[in-house]
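A look at the structure
Chain residues, written in single-letter form:
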Amino acid sequence: LSLLTVLAIATSVALATGLEMATRSVQAELLRTADSLAGSSQLEISAGGVGLPESLLEQIEAIDGVGVASPMLLTTFRVPLPDGTRLGLRVLGVNLLSDREVRGYSLEQSDVEIRDQLRLISQLDSIIVTRELAERLDLELGDPLVVNAPSGPLTTVVRGILKPGGVADAYGSQIAAMDV
């Protein structure tokens, strides 16, 4: 009877320890994702799904002490996989020219592999994907990536590949960026 009691207590302690470790791991990942998305920003203005008027950006930039104001939209696209399943891809809509000062990537540094910067910004179908996602989906620069957007199927073109670190680590590297 005492051996059974000792085993029950040991099992309970192991279960409690495992749950605590799992909880801390999930919390750490959530904080890492939030930090990656926020970058160096000190203030976030949000209106939920409604959004904010673009004219507000100019007013925010005019406030003393504001160095850079950069818009960010966040949505989820579904990417059909060859096995018939779908991958949930979080897509950041950002101003790629001003946003590089806020989040952990740059068009001019080695964080992003880009063949043609002008084309990346000028073409509406351009998308930047993480290195991990590109490898998972067997994508290279210039390859099409079909996603299911809220408005229906959308064909994008991979014009940048984001190296690990910063924003690329958010959402388990299942994240991409497009220029707004």
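Anything mentioned here points back to the structure above.
Residues numbered from 1 in each chain as written. Predicted model: local features only at pLDDT ≥ 70, side-chain atom pairs only at ≥ 80, totals over all residues. Heavy atoms only, no water.

Of all hydrophobic cores here, the largest spans 20 residues; its most connected members are Val79, Leu89, Ile127, Val129, Leu137, Leu145 and Val158. The set of elements that each furnish at least two residues to this core consists of strand E1 (72-80), strand E2 (86-94), strand E4 (126-130), helix H4 (131-136), strand E5 (144-149), strand E6 (152-162) and strand E7 (175-179). Leu92, Leu162, Ala170 and Ile175 belong to the second largest nonpolar core, which has twelve residues in total. (Core = buried A, V, L, I, M, F, W, Y, C linked by side-chain atoms within 4.5 Å. Buried < 20%, exposed > 50% of the residue type's maximum accessible area, 1.4 Å probe, protein only. Helix = DSSP H or I, 4+ residues; strand = E, 2+ residues; numbered from the N terminus.)

For E7, a buried count of four out of five residues is recorded, marking the element as mostly surrounded by other parts of the structure. Sheet analysis places E2 next to E7, joined by five bridges and oriented parallel. Its bridge partner being in E7, Gly93 is matched across the sheet by Met178. The sheet contact formed by E4 and E7 spans two bridges and is antiparallel. Residue pairing for E7: Val129 is matched across the bridge by Ala176. (Pairing = 2+ DSSP bridges.)

What follows is about the environment of Val158. Take Val158: it is sitting in strand E6. Using a relative accessible area of 1% as the deciding quantity, one classes Val158 as buried. Along the sequence, Val158 and Leu139 sit 19 residues apart, while their C-alpha atoms lie 7.6 Å from each other. The residues touching Val158, leaving out its near neighbours within four places in the chain, are Ile127, Val129, Leu139, Glu140, Leu141, Gly142, Asp143 and Leu145. (Contact = heavy atoms within 4.5 Å.)

Okay, the side chain of Ser126 next. Here Ser126 shows up in strand E4. Only 3.1 Å separates the side chain of Ser126 from the backbone oxygen of Gln123, close enough to count as a polar contact. When neighbours within four sequence positions are excluded, Ser126 is seen to be in contact with Arg119, Leu120, Val157, Arg159, Ala177 and Met178. (Polar contact = N/O pair within 3.5 Å; in protein donor to acceptor, adjacent residues only side chain to side chain.)

This next bit is on the pattern of salt bridges. Across all of its chains, the model carries two salt bridges by this definition. In this structure, the salt-bridge partner of Glu20 is Arg24, at a minimum N-O distance of 2.7 Å. Within this pair, Glu20 and its partner Arg24 are both found in helix H1 (residues 2-38), separated by four residues, close to a single helical turn. Judged by relative accessible area, Glu20 falls into the partly exposed class, the value being 39%. (Salt bridge = Lys/Arg side-chain N within 4 Å of Asp/Glu carboxyl O.)

With that out of the way, let us pick up the pairing of E5. Of the two faces of E5, only one is covered, namely that formed by Leu145, Val147 and Ala149; the face formed by Pro144, Val146 and Asn148 stays uncovered. Where E5 folds back on E6, the antiparallel hairpin that results is connected by two residues.

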